[in-house]
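# Descriptive analysis of the structure
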Amino acid sequence: YINRSYNIAGVMFDSIAQITAICANTSNDNIQIASDIGRNYGNAAMIRNDLIDLLPKFGESSGALSKKPHEDIEKGVWTYPVIHLMQNADGEDRKFVMTLLGNKSDNSTYYLMESMLNKYGSINATLDLITEYKEKADNSIMKFPESGSRRLLLELTELLENLRSI
C-alpha cells in the first residue's frame with residue numbers, strides 16, 4: 001500500500017521538491033532533504049485522500065486527484081483504511097466489506113462502512129499513519145535553518161492532520 005501511495009503521490013511531490021531545490025541552486029544535501037519532505041508529504045496526502053474517499057460526509061467535497069466520492073471502494077481498491085478494517089473485523093463484517101469492494105452502492109451503505117471503520121479503529125489507525133508521514137516530513141523540514149519558508153512548510157504539513165479536529 002505504501003509503495004502504491006508513493007507511486008501515485010509521493011513520487012510527484014518528491015520530484016517537485018527536488019526540481020525546486022535544484023532550481024534554487026542549493027547543495028546536494030538540501031536537495032536530498034527536499035526530496036525526503038516531498039516523499040513523506042506526498043505519502044501522507046495520498047493516505048489522507050484515501051481516507052476522505054471513504055467518509056460520506058466529505059464525499060462531494062473530495063476533489064483531490066479528480067476522484068469521485070467512494071471511487072476507490074467502487075473500483076475495489078484496497079486502501080489503508082480498508083486493509084486495517086479487513087485485518088481487524090469479524091467474519092460477518094469482513095464479508096460485508098468484500099461484497100462492497102468493486103461495486104457501486106448507496107449512501108446508507110457508505111455510512112455503514114464508515115461506522116465499521118470507526119468500530120474497528122481503522123479511521124484512527126489511518127490518522128496515525130498520516131501523522132507518521134507528516135512527522136517524517138516535519139523532521140526533514142527542521143533540518144533547514146529557521147526562516148519564513150521553513151515556518152510555511154511546517155504550516156503546510158499541519159493541514160495533513162486537520163481531519164482529527166472534525
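Up top is the structure.
Let me sum up the structure you'll find in this document. (Residues numbered from 1 in each chain as written. Predicted model: local features only at pLDDT ≥ 70, side-chain atom pairs only at ≥ 80, totals over all residues. Heavy atoms only, no water.)

## Re the side chain of D53
Rule in force here: A run of H or I in DSSP becomes a helix once it reaches four residues, and a run of E becomes a strand once it reaches two; helices and strands are each numbered from the N terminus. Residue exposure (1.4 Å probe, protein chains only): buried if accessible area is under 20% of the type maximum, exposed if over 50%, otherwise partly exposed. We define a polar contact as two N or O atoms separated by no more than 3.5 Å, with the added condition that, inside protein, one atom must be a possible hydrogen donor and the other a possible acceptor, whereas residues neighbouring each other in sequence contribute only through side-chain atom pairs.
Within the fold, D53 resides in helix α2 (residues 28–53). With a relative accessible area of 2%, D53 lands in the buried category. A distance of 3.1 Å separates the side chain of D53 from the backbone nitrogen of E71, its partner in a polar contact. From its side chain, D53 meets the backbone nitrogen of D72 in a polar contact 3.1 Å long.

## With respect to the pattern of salt bridges
Our working definition: We count a salt bridge whenever a side-chain nitrogen from Lys or Arg sits within 4 Å of a carboxyl oxygen from Asp or Glu.
One pass over the structure, following the stated rule, counts twelve salt bridges. Where E132 meets K136, a salt bridge forms, and the shortest distance between an N and an O atom there is 3.8 Å. Here the residue E132 and the residue K136 both occupy positions in helix α7 (residues 122–141), the gap between them amounting to four residues, near one helical turn. A salt bridge links R151 to E146; the shortest N-O distance between them is 2.0 Å.

## Thoughts on the nonpolar core
The nonpolar side chains of soluble globular proteins are, as a tendency, buried together. So the rule is basically this: In this description, a nonpolar core means a group of buried Ala, Val, Leu, Ile, Met, Phe, Trp, Tyr and Cys residues linked to one another through side-chain atoms lying within 4.5 Å.
One finds I73, V82, L85, V97 and M113 to be the most contacted residues of the largest nonpolar core, which totals 27 residues. Contributions of two or more residues to this core are made by α2, α4 (80–88), α5 (91–100), α6 (107–119) and α7.

## Details of the environment of L54
Basically, it comes down to this: Pairs of residues are marked as contacts when any of their non-hydrogen atoms sit within 4.5 Å.
The topology assignment puts L54 in the loop between α2 and α3 (71–75). With sequence-adjacent residues up to four places away left out, L54 is seen in contact with I73, T79, P81, V82, Y110, M113, E114 and L117.

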